[in-house]
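# Geometric and topological summary
Read off the chains here:
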Amino acid sequence: MQLFRPTGLRELELVRDSGWRRWPLRLPDQPIFYPVTTFEYAEKIARDWNSPGPGNLGFVTRFVIGEALVARYPVQLAGGRDHAELWVPAEELDAFNAGLDGRIELIAGYRDRLRLTEEELAVYRG
């Protein structure tokens, strides 16, 4: 299953530092890791909620997980049918990371709600 994750700059840097292979552990006030099922929903979060905030940057990543993980973390609706997410308990993130199929990809970014160019994204890809 292909999933998307809206991220801020700090989380993106940690993913990049892992070689684009792992999601970082959650902070104590983050009990759930929640990737989303559509680019449009991830884009909305990254553009409208993350990019106006600290650092004025929001990013969208894409990755694939195996069917066994899909079954383990069923899709949840967060406020509407277009807001589908997987809810992964923070303590299970290592197991979730082990089930990633390939690398995490940076596919979009926003600064002050404006989409970054491919050249600008290349800076964050490392």
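Preceding block: the structure.
Let me sum up the structure you'll find in this document.

Glancing now at the sheet that holds strand β8 (residues 114–115). In spatial order, the strands read β1-β3-β7-β8; together these four strands make up an open sheet with antiparallel pairing. In the strand order of this sheet, the two ends are held by β1 (2–7) and β8, each with one partner. Where helix α1 (residues 9–17) meets the sheet, its contacts fall on β1, β3 (57–64) and β7 (105–111), and the angle it forms with β1 comes to roughly 125°. Helix-sheet contacts for helix α2 (residues 39–50) involve β1, β3, β7 and β8, and the interaxial angle to β3 is about 160°.

A few words now on the nonpolar core. Within the largest apolar cluster, 22 residues are counted, with the highest numbers of intra-cluster contacts made by Trp23, Phe59, Phe63, Ile65 and Phe96. Counting residues per element, the ones that place at least two in this core are α1, β3, α4 (93–98) and α5 (118–125). No other element matches the three residues that β3 contributes to this core. In this structure, Phe4, Val36, Phe39 and Ala42 belong to the second largest nonpolar core, which totals 11 residues.

Cut-offs applied
- Residue positions are counted from 1 within each chain, in the order its sequence is given.
- Under the rules for a predicted model, residues below a pLDDT of 70 receive no local features and side-chain atom pairs below 80 are neither given nor counted, while totals for whole chains, interfaces and linings still include all residues.
- Hydrogens are left out, water is left out, and the side-chain values use all remaining heavy atoms of the structure.
- DSSP bridges decide pairing: two strands pair if at least two such bridges lie between them.
- The numbering of helices and of strands both runs from the N terminus, where a helix is a DSSP run of H or I of at least 4 residues and a strand a run of E of at least 2.
- What makes two residues a contact is simply this: any of their non-hydrogen atoms within 4.5 Å.
- Angles run from 0 to 180 degrees between N-to-C directions of axes, and those axes are lines fitted to C-alpha atoms, restricted for helices to the stretch in contact.
- Among buried residues, the Ala, Val, Leu, Ile, Met, Phe, Trp, Tyr and Cys ones that are joined through side-chain atoms within 4.5 Å form a nonpolar core.
- Accessibility here uses a 1.4 Å probe with only protein chains present; expressed as a share of the type maximum, an area under 20% marks a residue as buried, one over 50% as exposed, and anything in between as partly exposed.

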